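Structural description and commentary
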Amino acid sequence: MRFHGLIVLLVIWLPECVFSMHADQAGLYDWRRRFIGAANFARFDQSSHSSRRVVLATQSGVLASINARTGQLGWRQVFAKSDDINALQHRGTVLATLSSGGQLLRGWDVATGSLAWETVASESRRKEDNVTSAILVESKSGKSTAIAVLLGDDLQLYSSKSGQRLWGVSLSESSLKCDFIHATAGQLRAIGVSNDMDLTVITYHATNGDVVSKHTLPAAWISSKPLDCIVLGSSFLVCLDHVTFSLQTAVLELETSTFVATSLSSLGVDMDQAAMDSVSLKSLNLEASTSVGASLPATLQMQFLLSLNPSHKLLLKVDEGSAAVSLVREFSKANVQLYPAFYGDQGHLLMLEHDSQSESLNLEWLDLSSDRLVTELAQKVHLPAHHGAPVDTCIYLFSKKDSTLGYRVLLQTEDHALSLVQQSARLMWTREESLANIVATELVELPISTSEEFFETLHEEFGSAGNVLSAFVQRVTSQLIQAQHWLTSLHGRKQAPAQRHASGEPAATDAEENEHKEDFLRDQFNLHRMIVVATAVGKIFGIDSRDGSVHWQQFPRGLSPFRQDLTSEQQDQYGLTHQESYQLIVLRSVQHFPLEPLAVLFADSKSSECSSAAMLFFNPITGEQQANEPSGLAASVGTSLGWSCLPFKPVTSVVLPVVDASARRVMAILDQDKQVHILPASSAAEKSILALSQSVYLYVSGSQSSVVQGYHLTHSDQTGFTATPTWQVTIPSHEQVMSITGKSQKEVINSLGSVMTNGSVHYKYLNPNLFAMVTESRDSSKPAVSLYLVDGVTGAIVYHGHHKGLSGPVHLVHSDNWLVYSAYHSKLRRSEVNVVELYDGFTQPPTEGFSSMKAPSDVTVLTQSYIFRTVINTLAVSYTRRGVTHRDMLFGLENGGVLSLVKFFMDPRRPLDPTNIQAEGTMPYLPELPYNTLSLINYNQSVTSVRQIHTCPSGLESTSLVFAHGLDLFFTRLSPSKTFDQLPADFDRLFIIGILVLLGTVTFVSSRLSARKALQQSWK
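If you're wondering where the values come from, they're calculated on a predicted model, not measured in any experiment.

Concerning the pattern of salt bridges
Taken as a whole and assessed by the stated rule, the structure comprises 20 salt bridges. Connected via shared salt-bridge partners are D83, R106 and E118.

Some points on the sheet that holds strand 51 (residues 707-716)
Taken together, the 3 strands give an open sheet; going across it, the order is 50-51-52, and neighbouring strands pair in antiparallel fashion. Each end of this open sheet is capped by a strand with a single partner; those strands are strand 50 (697-701) and strand 52 (720-730). Averaged over all neighbouring strand pairs, the angle between strand axes comes to 30 degrees, with direction disregarded. Summarising the sheet, strand 50 and strand 51 pair through 5 bridges and their orientation is antiparallel. Looking at strand 51, one finds that Y699 is bridged to G710.

Here we look at the packing of aromatic side chains
Scanning the model with the defined rule gives 14 aromatic pairs in all. Between F44 and Y396 the ring centres are 5.5 Å apart and the planes differ by 25 degrees, which places this aromatic pair in the stacked class. Here Y396 lies in strand 31 (residues 390-399) and F44 lies in strand 2 (residues 39-44), a separation of 352 residues in the sequence. Assigned by exposure class, F44 and Y396 land together as buried. Among the aromatic residues, those joined into a cluster by ring pairs are W31, F963 and F971. The cationic tip of R106 hangs over the ring face of F79; the distance from NZ or CZ to the ring centre is 4.9 Å. Looking at K903, its charged tip hangs above the ring of W818, at a distance of 4.8 Å from the centre.

Digging into the pairing of strand 22 (residues 280-283)
The alternating pattern of strand 22 places L281 and S283 on a buried face and S280 and K282 on a face that is not buried. Here 4 bridges tie strand 22 to strand 23 (residues 303-309), and the two strands are oriented antiparallel to one another. Bridge pairing links L281 to L306 in strand 23.

As for the state of the cysteines
Scanning the model with the defined rule gives 2 disulfides in all. Each sulfur in the disulfide pair C229 and C239 lies 2.0 Å from the other. Measuring handedness by torsion sign, the sulfur bridge of C229 and C239 sits at about 110 degrees and is right-handed. Here C229, found in strand 18 (residues 229-232), pairs with C239, found in strand 19 (residues 236-241); they are 10 residues apart in sequence, far enough to count as distant. Classification of C229 as buried rests on a relative accessible area of 10%. The disulfide that involves C610 links it to C645, with 2.0 Å between the sulfurs. Between C610 and C645 the sulfur-sulfur dihedral comes to about 75 degrees; the bridge is accordingly right-handed. Taken together, the positions of C610 in the loop between strand 43 (598-605) and strand 44 (613-618) and C645 in strand 46 (residues 644-645) put the pair 35 residues apart, joining distant regions of the chain. With respect to burial, C610 and C645 carry one shared label: buried.

Here's the deal with the side chain of T413
As for its position among the elements, T413 is in strand 32 (residues 405-413). Only 3.4 Å separates the side chain of T413 from the backbone oxygen of H387, close enough to count as a polar contact. Not counting the four nearest positions on each side in its chain, T413 is found in contact with L383, H387, G388, A389, P390 and V391.

Topic: the sheet that holds strand 48 (residues 665-671)
Spatial ordering of the open sheet is given by 47-48-49, a layout of 3 strands whose pairing is antiparallel. Among the strands making up the open sheet, the edge pair consists of strand 47 (650-659) and strand 49 (676-679). Strand-to-strand, the axes of this sheet are offset by a mean angle of 25 degrees, without reference to chain direction. With 6 bridges joining them, strand 47 and strand 48 adopt antiparallel strand pairing. The residue bridging V655 from the neighbouring strand is M667, located in strand 48. The sheet contacts of helix 9 (residues 683-692) involve strand 47, strand 48 and strand 49, and relative to strand 47 the element is tilted by about 95 degrees.

Topic: the environment of L151
You can see L151 is positioned in strand 11 (residues 145-151). Given a relative accessible area of 0%, L151 falls into the buried group. Remark: the alpha-carbon pair of L151 and A134, spanning 17 residues in sequence, is separated by 8.8 Å.

Thresholds, definitions, all that
- Residues numbered from 1 in each chain as written.
- Predicted model: local features only at pLDDT ≥ 70, side-chain atom pairs only at ≥ 80, totals over all residues.
- Heavy atoms only, no water.
- Salt bridge = Lys/Arg side-chain N within 4 Å of Asp/Glu carboxyl O.
- Pairing = 2+ DSSP bridges.
- Helix = DSSP H or I, 4+ residues; strand = E, 2+ residues; numbered from the N terminus.
- Axes fitted to C-alpha atoms, helices over the stretch in contact; angles between N-to-C directions.
- Phe/Tyr/Trp six-rings, centres within 6.5 Å; stacked < 30°, edge-to-face > 60°.
- Buried < 20%, exposed > 50% of the residue type's maximum accessible area, 1.4 Å probe, protein only.
- Lys NZ or Arg CZ within 6 Å of the ring centre and 35° of its normal.
- Disulfide = S-S within 2.5 Å.
- Polar contact = N/O pair within 3.5 Å; in protein donor to acceptor, adjacent residues only side chain to side chain.
- Contact = heavy atoms within 4.5 Å.

Here's what the structure looks like:
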């Protein structure tokens, strides 16, 4: 009977643990932003005359279509992690991709993005040094199109309609090491090196693969460097000779043809070997810049570009009779980029000139036929400095209704942003695609209003623990500051109308003047935040948490994340070649009025001005760089890029629980020489740290090492602060450390123990110095994952767990007295979730606080494992202001969902025997964790390739803020115990007000009647 009663209670209780919302609540407190990543390939869709699509393939493994008018995402196909896109071909209705190192060839529908067909082009993935390419081959009549694929030494041809393999040949049988392929009408050429001294050209019939011709050209100039050649027209080959500093030209159709050399010096160019490495050839007949129906004149087909360096380029042409190269035009202007474009029989050269000082981009067009500038197409657009310079373009020329030439230019800038330029002298739209790869995130509180600052000041005045005189001085000082702000605002109000009248602008109300300022002030319940993110390209954003709009952005040059290379086995498991990280820390919050908030970003330097790490100070609310912010490091070097260069290589850092005189949090940074640097190194901060030096400990683990070393902070007058080794943990040699995770500094512990069924209390083991270390087996044939719980002060191993068959990546959450971590079981093909809880016993611990030196030796460890039905990408836990609300585990899933699951489901005390329940609130053990789609906090707003979930408390105890990012961004509010501290949105306030008014009226009338009755009775 007791068992059946428990089942009934479980069924009744489970629906209360489900997160759900009504349809009208979707999008009210949450938002999603979709991205595609940095573009590798871009093509304007020309399948129909009215098409306004741009098809792109990105570094994130995404094939997408963007509306060229609005920049909105049309459709998107996300490939698997290891399925990177190697080539994209688009012409007319044909859209094909070659991906996964040449393994998969796919055809797509341009309008809908649906998969039309798929073909396995290779059974194995090609290595990076093997040539992998795909081109389109038209029949001699031009009515049909095929796809030629070069995979190392294999040349294959596929139908563009069905993906059927038409024919294939092995070039190794011809002793040819093919470097590239070229298609002409009905024919396909394979061009490469043979015998290390000759250049061989084999021509195949596109219909059946028969060899049409094969001839060898003597090429003694061939060096060990990759072959740099282009084909002009249908028969001329131009190659760059790195040995003799010349251009080699030959006719491919003639079997007796030989190379004709044209030295660069004859073209007026003086080169050396170092400068020759940056020289490259570029054909004008590029598919990305050629519109449908373009028929290039023979004179234009023989022209090409020679890039000597970023500020020096040559437009050259080949004489069809003598095969000699001559100069057409020289471009020697700095910061000018050249891009060819064709429409019909018209050929143009786009000249982009970027001026970072004036934040402008000049577009000039050169008519290649007449060699003159087309002034009616020239324009100047504003390009903000935070985008950087353009790095690539995709051009679409078209004829307008008045028969004049029009164009659209898709720009990709240094910050991976995509922008469209049309003949309107402005950017039509911009997509910040660097947000598809966020590395570091911090949710920052917004400043309070002036009136709230006044109340905060009063709280400091009357809540001060000092004497009466200090309280009086503090009160007078604060009132003087308030008076100064009031006079400043009054002066500003008087000047604003006069300025508007002088400029001719209409007068505005006070609400309009302060609208922008009021938008970024803290709300009543502290739900509005500034989401500060740092991306992999080095760009920093401030995002409004209400709607996901970008409030500020900056692109400091020369910064990149710290990188940790992965082994080949880990690359296969993680789908990544390396792991990236920043260190983003808020040194001073908005609570220290009138001081401005301050944040610092530690990053790797890719600038020649700095050979170590970089340090960037900025205001997290406005995004303004604090170039003059004193770092306190005497040896730090300022750069011309606006950030400071650390004079040492940092190994690890820790934020200490002290602040300096400017209310900045103090950090201790350990370098490779075991020296500890204090940031900021002020005298007040050093005195505070000296008082804490006996309790400051650091621990360091090398990349993929087997040793973790602990250090103690010491100080001497001669050497300053140094790190003294105190302990060392050495794990078995067949394991390697993958990650180390400590407790979050923002969590609040509300309960010290758990109540058992007999009324006793099982007290938690709350060690603030405990960190979790995850290791993996070095032998990929015997995968295993181990967990070590280590005391950071003494180096004592509190717990060690070993899991055979599990492999990384391991996702871990360390909070309170428990840990939850997940890994993948490759043999059983499932995710497993493990939970560990630590208890101190049934005796209440000392009230003076925890000490690692007096830590108990009999720690009770409870563990349990569960099965999860889908792949887990990341884990997180909800945090609230006081820690009263129960915790929810957040699972970032591979299918794009963010699942909220109450922590009670992962209680290691869940009994195997349903009749033996020892702790209150536990359920009988079930091996599989529930997966309810109603518990997806992002409902149908999938976060593709979710990588991290960040949570932070709000001003309401019931509500936690959740920000998830991957290829997409998603923000929402989470109430694990429902909104018990606020009224619901559909609460009938008018009814309650009416009831209160009625009760007040009845009370007033009743009291008057009662008083009158009492008076009458007293006169009787």
